[in-house]
Every structure is written in structure tokens, then in C-alpha cells.
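# Breakdown of the fold
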Amino acid sequence: MKNTSDVLGGFGTTIFEVMSKLAIEHKAINLGQGFPDEDGPADIRHAAAKAVEEGPNQYPPMMGIPELRQAVAAHDARFYGLSVNWQTDVLVTSGATEALAASMLGLINPGDEVVLFEPLYDCYLPMIKLAGGIPKFVRLDPPNWEIDPDKLRAAFSDRTKLILMNSPMNPTGKVFSREELELIAELAIKHDTYAICDEVYEHIIFGDKKHLSLMTLPGMGERTARIASAGKTFSLTGWKVGYLTATAELTVRIAKAHQFLTFTTAPNLQKAVAYGLAKENDFYDDLRASMQSKRDIFRDGLNRIGFTTAECDGTYFINADISSIGFDGTDEEFCRLITTDAGVAAVPFSAFYQSAGARDNFARFCFCKKTEVLEAAIEKLADFFKPAG
């Protein structure tokens, strides 16, 4: 048999699938894969069920149903002050992942360079390589995950087609500052590049941090695509409903790829998400407060055990330094050990690096679980790591 894809052949099964399978085998609490253990709001789910019964259940428009595109435009105006033409500037996709894939395939030509921050979410690099792009990594280091301006400037060149960024950032929990975004904007404009912004955790930010969309900065509106997700905002990750906002010209280019990937997304789910996006501010405030409480419970529990944790200003994830409790093995060895012996699954942080010199002394834990589940996980870890004697 002839070889299959040279690009994808180099990638194994995702670490999330590997650790989830191991967690199932050992009946461990799964804090590896990033999904809540409770379904989203009942009224949104009921809206989806009602839409199935009432129909139509045939192909909706390729760009998305008008109700959802209007809701996305209203959302972006409400939270970011953006002026969005729902008819031309909004594209609905089958999850944010598809929006990212369509953006890469629609914008990159073979040989184009793509700047991206490392550690990075696992689907970014395969998408870039499938489109023929050449990755240029900019390393962020714990505990603060700050951009080194010199490294970022060095990554850009006249060959740069786009920068792909994620804020709030999985897997670090970082929220990019205004100063960092202004530097990114300066370089994008100087080198005439696009910016693809994965902002799926836009409403899950803690403390006094604020989410600032790169699209809102001067000169970035015409060159930025903003991607968001109903899965993260409404704790309905299985629905796979994403939406992209960009200028009409940029949206058309990305939609050319979208039409050959999924073409469209389930109409009942689109109607329900449109309903959800119109929720009052209390909903978004409660989401933020709930996730911050879960972060605090789990972070404080890790700290009591003796773990040092990196900063976490948003997302579902917190990273613990395994060397801080005296563990001298790799992060993969640590995660396998606590899954099989302590009954708690996490993800080795080195899985989020592709270039040489990956950090292998951190484990990523997902805290978007019920409080009692987080407390049980801390109890198991505390019992496992308690001093002998």
C-alpha cells in the first residue's frame, strides 16, 4: 500500500485521547481533557430541542442562519464595540476548530510563514502544515508567560502570512495584555500580515483581567479574524458550533475553504446558540465567577499539597510544577503515575511543544468540573503525596 499523508503521519493520537483512555481504564478522575462535567443551561438545550421539532432540518445557508449571524454581530458590538455587518462579516462553522482549519486553508499558500506562540494547542500545527505553511515559534515561559519582544520581532519577516494566537490561552491560562497586543499589531501592520485570533475562552477570565480582542486595535480590523465558540461559552462542547468575525473580504476567503470542509452546521443548534448569545450580562458574570471559584478551589488544594502553580488568568486549565514536590521524572511519567496510582488524570505539559527544549516539569489540570469532583481529586492527590511515616 502507498503511504498516507506525510503531514499527518508524523502526528500520533492526541495526548487528550491517550490520557482519557488511561483514565477510563483505571477509573480515575479525568482532569486531562477540557470539557465540563455538567451540560449547559437548560433553556438553551430546550431551544435546540424545540427547533428540531419545529424544523426545518435541512441544509441551512452556508454562512449560517441569519438569526445566529445577527446574534454574533450583536454580541461583538455589545462586548467589544465592533461594528459588524452580519450579512457579510460573520461565518458560522462546525466548531472553532473548523473555523481555524478554514482560516489556515483559505489564507495560506505553500511556503508562507506563520507565527505562533508555544506552548500551543495541539491542532494548530497540523492545520498549518496541511495548508503548506512554515511555523515560526515564539516561546512563552512560566510562571508569567510573558512575550519576549525581541523573540517576537525575530519571528516576523516579509514571508510572514499570518500570526495565529489564542487569548485567553490554552494551555497556559494566559490573558494577553494590551501592551503585548499592541506589539503584535505593530508587527502585523509592519509586515502586512493577517491575524487569526482564537478567542473561545473570551468569557472565562479571572480577577481584574479583561479580554481585549486584537481586532479592536487601530489598523487591525481589516486584517484580523476573530473566532469564538458556543461550546466554551455555554458549556456545550459536544455541539461544535463556532463563529468567525472578519471583514467581508477576509470572510469570503475563509468561507471558500469552509464550503469544502463542512459546508454548514446543524440548524437547531444554531438557533439555540443565537438564543443563548442574547442572554443578559448576569449569565456571563455568573460563568466567570463560577469558573474562578473552581480555579481557586483547585489551585489552593494543589498549593496545600506542596505544588507551585503557574499563573492562570483564564480558561479551564491550571499548570502545576511537578518538581516543586520533589518529583524528578518527566511530566509524562508523572501523569501516568497519578492516573494509575492516585486515581487522577492530567496532561503532560510537554505535549504542547513542537520545537526543541520542551518544558517537561509541568502537568496541566482541567478544573471546569463540579466542586465535589475537584475536592475529591485534591483528596486523592494529597493522600498519594503525603509524607511517609
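Our subject is the structure listed above.
Position numbers for residues start from 1 in each chain and track the written sequence from start to end. For a predicted model such as this one, the threshold for reporting local features is a pLDDT of at least 70, and the threshold for listing and counting side-chain atom pairs is 80 or more; totals across whole chains, interfaces and linings nevertheless cover every residue. Hydrogens and water are ignored here; the side-chain numbers use all heavy atoms of the structure.

### Looking at the pairing of strand β4 (residues 134-139)
So the rule is basically this: Two strands qualify as a pair provided DSSP detects at least 2 bridges between them. Numbering of helices and strands runs from the N terminus; a helix is a DSSP stretch of H or I covering at least four residues, while a strand is a stretch of E covering at least two. If the strands point away from the viewer and the path from the first strand over the helix to the second runs clockwise, then the crossover is right-handed.
Alignment of strand β3 (residues 113-118) against β4, held across six bridges, turns out to be parallel. Looking at the pairing, V115 lines up with K136 of β4. Considered for its hand, the β-α-β crossover made up of β3, helix α6 (residues 124-130) and β4 is right-handed.

### Quick word on the side chain of N268
Rules: We call two residues contacting when some pair of their heavy atoms lies within 4.5 Å.
For N268, the position within the fold is in helix α11 (residues 267-277). Dropping the residues within four chain positions of it, N268 is found in contact with A48, A51 and V52.

### Looking at a nonpolar patch on the surface
Rules: Surface patches are drawn from residues lacking salt bridges whose relative accessible area is over 30%; two like charges belong together within 9 Å, two nonpolar side chains (Val, Leu, Ile, Met, Phe, Trp, Tyr) within 5 Å. What sets the accessible areas is the Shrake-Rupley method with a 1.4 Å probe; for residues, cover comes only from the shown protein chains. Take a side-chain nitrogen of Lys or Arg and a carboxyl oxygen of Asp or Glu: if they are within 4 Å of each other, that pair is a salt bridge.
A cluster of nonpolar side chains, L8, L105, L130 and L261, forms an exposed patch at the surface whose accessible area comes to about 350 Å². Within the secondary structure layout, L130 lies in helix α6.

### A few points about the sheet that holds strand β10 (residues 317-321)
Either a parallel or an antiparallel arrangement is found when strands of a sheet pair, and the pairing is made through backbone hydrogen bonds. Our working definition: To obtain each axis, a line is fitted to C-alpha atoms, and for helices this fit is confined to the stretch in contact; angles are then taken between N-to-C directions over 0 to 180 degrees.
Read from one edge of the open sheet, four strands run β9-β10-β13-β12, paired in antiparallel fashion. The open sheet has two edge strands, β9 (308-309) and β12 (347-348), and neither has a second partner. Pairing between β10 and strand β13 (residues 362-366): five bridges, direction antiparallel. Considered in β13, the bridge of D321 is made with F362. Along the sheet face, helix α12 (residues 281-305) touches β9, β10 and β13 and points at about 5° away from the line of β10.

### Quick word on the layout of surface pockets
The following threshold applies: We place a 1 Å grid over just the protein atoms. Points where a 1.4 Å probe fits but has no way out form a cavity, open points with protein on both sides within 12 Å along at least 5 of 7 lines form a pocket, and any residue with an atom within 4 Å of a point lines it. Grid points are joined across faces, edges and corners, and a volume is the space filled by probe spheres set on the points. Gly falls in the polar group here, along with every residue not listed as nonpolar (Ala, Val, Leu, Ile, Met, Phe, Trp, Tyr, Cys, Pro) or charged (Asp, Glu, Lys, Arg).
Estimated volume of the largest pocket: approximately 830 Å³. Lining the largest pocket are 35 residues, and of these T14, F16, Y121, D122 and C123 sit closest to its centre. Secondary structure elements with two or more residues in the lining of the largest pocket: α2 (15-25), α5 (96-107) and α9 (230-233). Per-class residue counts for the lining of the largest pocket are 15 nonpolar, 14 polar and six charged.

Function-wise, these values are silent; they only describe arrangement.
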